[in-house]
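# Analysis of the macromolecular model
Chain by chain, the residues:
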Amino acid sequence: MTPAARISAAIEVLAEIETRRRPAADALKDWGMSHRFAGSGDRAAIAGLVYDALRRKASASWLMGSEGARAVVLGTLRLERGIAAAEIGRLFSGERFAPAPLSDEERGRLETGSLERAPPHVAGDFPEWLTSSLAAVFGEELASEMGALARRAPLDLRVNTLKGSRELVGAELAHLSPVPTPHSPLGLRIAHGPGERAPSIQSDPVFLKGQVEIQDEGSQLAALLAAPRPRDQVVDLCAGGGGKTLALAAAMDNHGQIYATDADQRRLAPIHARLERAGVRNVQVRTPRGKADAVQDLAGRADLVLVDAPCTGTGTWRRNPDSKWRVRPGSLEVRLKEQAAVLDRAAALVRPGGRIVYVTCSVLPEENDGAVAGLLERRPGLAAISAAETLTAAGFGQMADALRFTRYGLQMSPLRTGTDGFYVAVIQRTA
Ligand SMILES: C[S@@+](CC[C@H](N)C(=O)[O-])C[C@H]1O[C@@H](n2cnc3c(N)ncnc32)[C@H](O)[C@@H]1O
């Protein structure tokens, strides 16, 4: 396909996502199925442009004065890809498979339009109703933080230390030019350009042998900050597919015991194969059955309870740009209720002196400090440990300058730490 034909395809897919409210991945997959002539390079380029357009939807629409898919793609080519108006005009030639030629208005906007007078939610590409929450956490840095959260994310891998060192695995992946992540001692980062396909790590021998997991550096750090000790009894209460469970198991060098559970049996199911592949031997999976609590027998006994809470995922907008336009006040309310429920469960499991580590991949204060404040209010006998102490105890004191300290925890962000927007708070049972 020509570059112009790929742009036409991206406009078509984006229109499908917008008009039929379809998840981007599904719309792209369907497009690929019904256009079998498109090669993998074409599909990657189309997907890259669709995701960039979703990341820059508000600012691109503002630039072009229209919310239509064609306008959003045009604005994205100008703002995100930095392509000059004349070059865009050549791509929009109206020839076979190319998009229709630019109108005078489109050409004018591409040539002289700017975001100078755009309101913060437009310039920063986020839903307007979240402005006050985001401003509360980012303050003066709101614009630059949101700009960073609207960029493409690199591919991060966590080296599984049960099966090799970062140096060894990095050398095996030399063909992908990985670089060490700046903060996590276990991370390897692989950058890929606009329209380039992320390398298919899942079919690489290094992945198949369980030497690496795909995991954002922020998620790796959250597990490391939980700082499990080798003899600990750990409950991973929201284990899902096991991303953090695997990281905890490696940090404990396969010693002690981790009980991994989740309210949703289906989300937990993939964990078995992943544990096997990673060579993890200290995890007991507790699959919930009916209404019975799968970890009730551990009440008051856990040294560490990890709550990797269900959340809006606002910190992962770089990777899931269509999700940012779907967050609604109602869905935040639902998440807040789930967070309170799961934190109460954690409080019942932790032993006196033990710790609850509360993690979200969100940057919204309501579901971060707000959820911790609610727990502390409901449950006397718990106290938040300062973020500075958490960092020092886990050996990450040098990260203090990069992080944003909140009332009860710490906030990572693409701008400050080059990670997804993870939040971590540590709460100790004092009585
Ligand atoms: C952020 S995801 C977990 C991701 C996982 N820890 C990982 O690293 O791959 C949150 C999980 O919390 C689970 N969940 C929601 N409410 C819960 C509850 N009350 N108790 C336990 N798990 C719950 C969801 O089913 C979901 O799998």
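Residues numbered from 1 in each chain as written. Predicted model: local features only at pLDDT ≥ 70, side-chain atom pairs only at ≥ 80, totals over all residues. Heavy atoms only, no water.

### Some thoughts on the environment of Gly-187
So the rule is basically this: Going along the chain from the N terminus, every DSSP run of H or I of four or more residues is numbered as a helix, and every run of E of two or more is numbered as a strand. Type-normalised accessible area, obtained with a 1.4 Å probe on protein chains alone, sets the label of each residue: buried when under 20%, exposed when over 50%, and partly exposed for intermediate values. By definition in these notes, contact holds between two residues if any of their heavy atoms fall within 4.5 Å.
As for its position among the elements, Gly-187 is in strand E3 (residues 187-190). We classify Gly-187 as buried; its relative accessible area is 0%. Measuring from C-alpha to C-alpha, the distance between Gly-187 and Gln-220 comes to 7.7 Å, with 33 residues separating the pair along the chain. Not counting the four nearest positions on each side in its chain, Gly-187 is found in contact with Leu-157, Arg-166, Val-179, Pro-180, Thr-181 and Gln-220.

### Points about the UniProt feature "binding site: S-adenosyl-L-methionine" (unreviewed entry) in the protein chain
Basically, it comes down to this: UniProt positions are given in the numbering used here, feature names are shortened, and annotations may be inferred rather than shown by experiment. N or O atoms closer than or at 3.5 Å make up a polar contact, with two conditions inside protein: a donor-capable atom paired with an acceptor-capable one, and, for residues adjacent in sequence, both atoms drawn from side chains.
Per the UniProt record, the feature "binding site: S-adenosyl-L-methionine" (unreviewed entry) sits at Asp-262 and Asp-308. On the basis of their most widely separated C-alpha atoms, the annotated residues across 47 residues gather in one place, lying no more than 10.1 Å apart. For Asp-262, the location among the structural elements is in the loop between strand E6 (257-261) and helix H15 (265-268). From its side chain, Asp-262 meets the backbone nitrogen of Gly-240 in a polar contact 2.8 Å long. By the element assignment, Asp-308 lies in strand E8 (residues 302-308). Dropping the residues within four chain positions of it, Asp-308 is found in contact with Cys-238, Lys-244 and Val-359.

### Some words on helix H13 (residues 217-226)
Counting buried residues along H13, ten of its ten residues qualify, which places the element largely inside the surrounding structure. Of all the residues in H13, the buried ones are Glu-217, Gly-218, Ser-219, Gln-220, Leu-221, Ala-222, Ala-223, Leu-224, Leu-225 and Ala-226. Its side-chain oxygen placed 2.7 Å from the backbone nitrogen of Gly-218, Asp-216 serves as the N-cap of H13. Immediately downstream of H13, the backbone of Ala-227 shows phi near 45°, a positive value.

### Here's the deal with the site of the ligand
Using the following cut-off: The cutoff for a nearby residue is simple: one of its non-hydrogen atoms must lie within 4 Å of the molecule or strand. Residue-level accessible areas treat just the shown protein chains as cover; the underlying method is Shrake-Rupley with a 1.4 Å probe. Gly counts as polar in this scheme, as do all residues outside two lists: the nonpolar Ala, Val, Leu, Ile, Met, Phe, Trp, Tyr, Cys and Pro, and the charged Asp, Glu, Lys and Arg.
In the neighbourhood of the ligand, 16 residues make up the surrounding shell, with Cys-238, Asp-262, Arg-267, Asp-308 and Arg-345 lying closest. A distance of 2.9 Å separates a nitrogen atom of the ligand from a polar atom in the backbone of Cys-238. Contact between the ligand and Ala-263: a nitrogen atom at 3.2 Å from a main-chain N or O atom of the residue. Compared with its free state, where it exposes 610 Å², the ligand has 81% of that area covered by protein. Only helix H14 (243-251) and helix H18 (329-349) provide two or more residues apiece to the shell around the ligand. For the shell around the ligand, the class distribution of residues is seven nonpolar, three polar and six charged.

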